[in-house]
Amino acid sequence: MTANGWIQILLFLALIFALTKPLGVFMARVFNRERTFLDPIARPIERLLYRVTGVDENREMRWTEYAVAMLMFSGVSMLVLYLIERVQQWLPLNPQKFGAVAQDLAFNTAASFTTNTNWQNYAGEATMSYLTQMAGLAYHNFTSAAVGIALAIAFVRGIARREKETIGNFWVDMTRSTLWLLLPMCVIYALALVSQGVVQNLKPYDTAKLVESQQVKKTGADGKPMVGQDGKPVMDSVTDQTIAQGPVASQEAIKMLGTNGGGFFNANSSHPFENPTPLSNYLQMLSIFAIPAGLTYTLGRMTGSQRHGWAVWAAMAFLFLCGVTTAYWAEARGNPLLKGADQRVSALQPGGNMEGKEVRFGLADSTLFATVTTDASCGAINGWHDSYTPLGGMVPLANIMLSETVFGGVGAGLYGILIYVVLAVFIAGLMVGRTPEYLGKKIEAYDVKMAMLVTLVFPVVILVLAGISSVESFGTSSISNPGPHGLTQILYAFTSMAGNNGSAFGGLTGNTLWYNSAGAMTMLIGRFFMIIPMLAIAGNLAKKKYVPPSLGTFPVTTPLFSVLLVGVILIVGALTFFPALSLGPVLEHLLMSVGKTF
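Cut-offs used in this document
- Residues numbered from 1 in each chain as written.
- Predicted model: local features only at pLDDT ≥ 70, side-chain atom pairs only at ≥ 80, totals over all residues.
- Heavy atoms only, no water.
- Patch = residues over 30% accessible without salt bridge, like charges linked within 9 Å, V, L, I, M, F, W, Y side chains within 5 Å.
- Areas by Shrake-Rupley, 256 points an atom, 1.4 Å probe, with all protein chains shown as cover.
- Salt bridge = Lys/Arg side-chain N within 4 Å of Asp/Glu carboxyl O.
- Helix = DSSP H or I, 4+ residues; strand = E, 2+ residues; numbered from the N terminus.
- Buried < 20%, exposed > 50% of the residue type's maximum accessible area, 1.4 Å probe, protein only.
- Polar contact = N/O pair within 3.5 Å; in protein donor to acceptor, adjacent residues only side chain to side chain.
- Contact = heavy atoms within 4.5 Å.
- 1 Å grid on protein atoms, 1.4 Å probe; cavity = no way out; pocket = protein on both sides within 12 Å on 5 of 7 lines; lining within 4 Å.
- Points joined across faces, edges and corners; volume = space filled by probe spheres on them.
- Nonpolar A, V, L, I, M, F, W, Y, C, P; charged D, E, K, R; others polar.
- Core = buried A, V, L, I, M, F, W, Y, C linked by side-chain atoms within 4.5 Å.

Colleague: So what exactly am I meant to see when it comes to a nonpolar patch on the surface here?
Modeller: A contiguous nonpolar patch, built from Met-452, Leu-456, Val-460, Val-464, Ile-468 and Phe-474 and spanning about 480 Å² of accessible area, is present on the exposed surface. With five residues, helix H14 (residues 445-471) is the largest single contributor of residues to the nonpolar patch. Here Ile-468 is to be found in helix H14. When its relative accessible area of 32% is taken as the criterion, Ile-468 is described as partly exposed.

What follows is the structure, given as structure tokens:
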């Protein structure tokens, strides 16, 4: 670890802190339908959209109607994306003449982008046409992010309102999320990325002649290296290089701001056309946390308790610092299995474990990026998590296992941690022997049951499917490493999909019938089976009367509350997965420490 690395990490958190209030205030004004500087442009477009679609912007919805509207919109959008993938060979803007996407892969991808997961079992530059990338995938990057923000705002309204049956209008919330927030920010952000060298065009791919031909391992249809009758890998001679390009900057902007994570290229944000400079890398990390952090201030402003919003922010920031410190320390120590290799920091080398990391970013920005992208359920990567040390690789995995509570995805992070807030105040109420209260609302059995349903769905779907995959040949045949590392690859895949993160540990061949099908169902369950109980809590809170605080009320605006919230997240969230982690990265770390490997 170096002073320069720590300066970059602490500066990052300071910049996020600085962005929180102005962005939070702006979002509160947007969703309270107060006037903003964007109204002269966005308001006429909004009115036109409502007129065309027949939406009554003044009509509000009960939580059940809100949920049905969200599910119907998501279902239709998913079907449209699936159809675009299946017929892309007949559609325009396909200069590479890509064929139809296979049925199981198209289903997996449609579920992935609809749920804001953006898990990719394909190489984007070799599978998806420009039209599919723009009209299919980029469209879902906007709408899935807008849905997440709308749901978070609906939950906040449920907390803030008193004796109301409604929590807002889904169509209005989603429209305003897009027109006032995501679109204008992405236009500016995309231009900034272009200035750094991110490509943005519709040209066919270029081909360059190599100075010297290269021998590479030939891969089969399953993506694995082919082996000849002599047991040796089949080699191919490569004389040309295809230089992929396309409308990258526009997709990169919403990929980060919407915490989507799906890259235009298979190499994602380690590709120089997606993330060419240290400045673009820093901007991408900031954009991942910007909206989720701002929503904590929006929470405080809309509920009339700004200190509570900061208390939630503080809990998130503490968990973030714990994660990035652990990952940075683990990677800076290097790999003890590489005996004889000099892994010290010097003028000629960055030191530590640089395997799978971009030299232009180094250890600090690589571990910071890995922590940020898995805290925020973004899933973009600028290094290969599979190449991290066991404890360094466990940090991204553990971050996702905390169920989008460390800033989290746009919207999803806020309503994810608010579930734990409900549990925290319930536990606090039990400690003092009185009915728990949260910002003037009594937390009753119904609220706790719905909150526990959310916290149980997540580990059940992960552990059941990961367990099946680790003992059946259709699951184990896809891993690239035996032993604890192979288990971690499987566990990470289902955790990432259930957590709507989308990052991959690497080394797992996911484009199989089993992983495409099981993964798609995991993503749908991880998104919608957790949203519905959350909306039920919001609807129930909105109907309750306001209860003035008394001497026995546990304050949710103090450092003590932040400590309790962190404790509940770690106990309820992290300990659920401890047995699985102990058989994966923890065991691998112990074996590595004594110089053994599988």
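Now that the structure has been shown, we can carry on.
Colleague: So what exactly am I meant to see when it comes to the side chain of Asn-353 here?
Modeller: Of note, Asn-353 is situated in the loop between helix H10 (306-333) and helix H11 (362-375). At 2.8 Å, the side chain of Asn-353 and the side chain of Glu-331 are in polar contact. Among the polar contacts made by the side chain of Asn-353, one reaches the main-chain carbonyl oxygen of Ser-387 at a distance of 3.0 Å. With sequence-adjacent residues up to four places away left out, Asn-353 is seen in contact with Glu-331, Gly-334, Gln-343, Leu-363, Ser-387, Tyr-388 and Thr-389.

Colleague: Help me out: how do you make sense of empty space enclosed by the protein in this one?
Modeller: Space left empty within the atom packing is revealed by a probe, the size of a water molecule, rolled over the atoms. One pass over the structure, following the stated rule, counts five cavities of 30 Å³ or more. Reported here for the largest cavity is a volume of approximately 160 Å³. In this structure, the largest cavity is lined by 18 residues; those nearest its centre are Ser-403, Glu-404, Tyr-415, Gly-416 and Met-530. At the level of elements, helix H13 (412-432), H14 and helix H17 (513-542) are the ones that each hand at least two residues to the lining of the largest cavity. Considered class by class, the residues forming the lining of the largest cavity number ten nonpolar, six polar and two charged.

Colleague: Explain the nonpolar core to me, please; I cannot follow it from the model alone.
Modeller: Counting 168 residues, the largest nonpolar core has Phe-12, Phe-155 and Phe-320 as the members making the most contacts within it. Residues contacting Phe-155, with those up to four places away along its chain left out, are Tyr-415, Leu-418, Ile-419, Met-534, Ile-537, Ala-538 and Leu-541.

Everything listed here is a matter of geometry and, on its own, says nothing about what the molecule does.
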